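The lines below spell out each chain.
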Amino acid sequence: MPGYGVADAASTIVGQSIGAKRPDMARRFSKINVIMVMVIMSAMGVVMYLTAPWMIGFMTTNQSIIELGSSALRIEAFAEPMFAAAIVSCSIFVSAGFTLFPSLMNLGSMWLIRIPLAYYLASRMGLDGVWVAMAFELCFRGAIFLFALSRFDFSKRRGIED
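The interhelical angle for the contact between helix H5 (residues 100-125) and helix H6 (residues 127-150), taken along N-to-C directions, is 155°, at an axis separation of 8 Å. If you check the angle between H5 and H6, you find them roughly antiparallel. Here H5 and H6 pass one another in a crossing that is right-handed.

Shown next as C-alpha cells:
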C-alpha cells in the first residue's frame, strides 16, 4: 500500500513540475520519491519477513496453510523494494505523458518473464517456485524501470515543449 500512495504523490508532484516547465525539479522529485518508497518498502519487507507466520496465523489456524503462506510472504518480502520502484517509476512516466512504454514494460515483464518462469519453477519447486518467479519478475521489472527512469529526459515531455 505505501508504494501506491507514494506513486500517487509522485505522479502529482512530478506532473506539476512538468507543467511548471521545471524538468530539473521533476527529476529531483522523481529521485526523492523512488528512494523514499524503496526505503519504506524495504522496511515493510523486513517486517513482512519477520512476522509472516503471525500475519497468516491471523487469518487461519490451519498449520499447513500458515507454513505455505509464511513461505510465500517471506519469498515476496525480498521483492518489495524493487516492486515499489516499479510502481512509482511507472506513475512518474505516466505523469510525464509517457504511457505506452511503461505499459509495454509491465505487460512484457509479466508475460515474458513471470508466467514462463512460474510454469517452469512450479513443476520443480511447487508453490514456492511460483512465488520465486513472481519475486524475480518484480525485481526485474523494478530494475528496468529504474534504468529507464535514469535515462529519462523530463525536458522533452508534454508541457515542457509548449
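The next thing to look at is the environment of Thr12. Positionally, Thr12 belongs in helix H1 (residues 2-19). Classification of Thr12 as partly exposed rests on a relative accessible area of 45%. Remark: the alpha-carbon pair of Thr12 and Ser123, spanning 111 residues in sequence, is separated by 43 Å.

Opposite charge on two side chains permits them to pair, given that their charged atoms come into close proximity. Scanning all chains against the criterion turns up 3 salt bridges. For Glu137, the salt bridge goes to Arg114, with nearest N and O atoms at 2.6 Å. Taken as a pair, Glu137 in helix H6 and Arg114 in helix H5 lie far apart in primary sequence, 23 residues in all. The class for Arg114 is buried, based on a relative accessible area of 14%.

Attention now moves to the side chain of Asn33. Note on placement: Asn33 falls in helix H2 (residues 23-57). Taking the relative accessible area as the measure of exposure, Asn33 reaches 7% and is therefore buried. Separated by 2.7 Å, the side chain of Asn33 and the backbone oxygen of Phe29 make a polar contact. In this structure, Asn33 is in contact with Val6, Ala10, Ile13 and Val88, ignoring residues within four places of it in sequence.

Here we take up the packing of aromatic side chains. Centre-to-centre distance and the angle between the planes together describe a pair of aromatic rings. This structure, assessed with the given rule, holds 9 aromatic pairs. Centre to centre, the rings of Tyr4 and Phe83 are 6.5 Å apart; their planes meet at 80°, and the pair counts as edge-to-face. With Tyr4 in helix H1 and Phe83 in helix H4 (residues 80-95), the pair connects residues that are 79 residues apart, well separated along the chain. Here Tyr4 falls in the partly exposed class, since its relative accessible area comes to 47%. Here the aromatic cluster, defined as three or more aromatic residues joined through ring pairs, consists of Phe93, Phe98, Phe101, Phe145, Phe152 and Phe154.

The subject of this paragraph is the nonpolar core. Membership of the largest hydrophobic core comes to 29 residues, with the highest contact counts inside it found for Val88, Ile92 and Phe154. Only H1, H2, H4 and H6 provide two or more residues apiece to this core. Ranked by size, the runner-up nonpolar core spans 6 residues in total, among them Met48, Ile56, Leu73 and Ala77.

Let's shift gears to the environment of Gly142. Summarising the element assignment, Gly142 is placed in helix H6. Overall, Gly142 belongs to the buried group, its relative accessible area being 0%. Sequence separation of Gly142 and Phe29 is 113 residues, and the distance between their C-alpha atoms is 18 Å. When sequence neighbours within four positions are dropped, the list of residues in contact with Gly142 reads Met82 and Ala86.

Parameters at a glance
- Residues numbered from 1 in each chain as written.
- Predicted model: local features only at pLDDT ≥ 70, side-chain atom pairs only at ≥ 80, totals over all residues.
- Heavy atoms only, no water.
- Axes fitted to C-alpha atoms, helices over the stretch in contact; angles between N-to-C directions.
- Helix = DSSP H or I, 4+ residues; strand = E, 2+ residues; numbered from the N terminus.
- Parallel < 35°, antiparallel > 145°, perpendicular 65-115°, else oblique.
- Left-handed = near helix turned anticlockwise from the far one by under 90°.
- Buried < 20%, exposed > 50% of the residue type's maximum accessible area, 1.4 Å probe, protein only.
- Salt bridge = Lys/Arg side-chain N within 4 Å of Asp/Glu carboxyl O.
- Polar contact = N/O pair within 3.5 Å; in protein donor to acceptor, adjacent residues only side chain to side chain.
- Contact = heavy atoms within 4.5 Å.
- Phe/Tyr/Trp six-rings, centres within 6.5 Å; stacked < 30°, edge-to-face > 60°.
- Core = buried A, V, L, I, M, F, W, Y, C linked by side-chain atoms within 4.5 Å.

These figures capture arrangement, not role.
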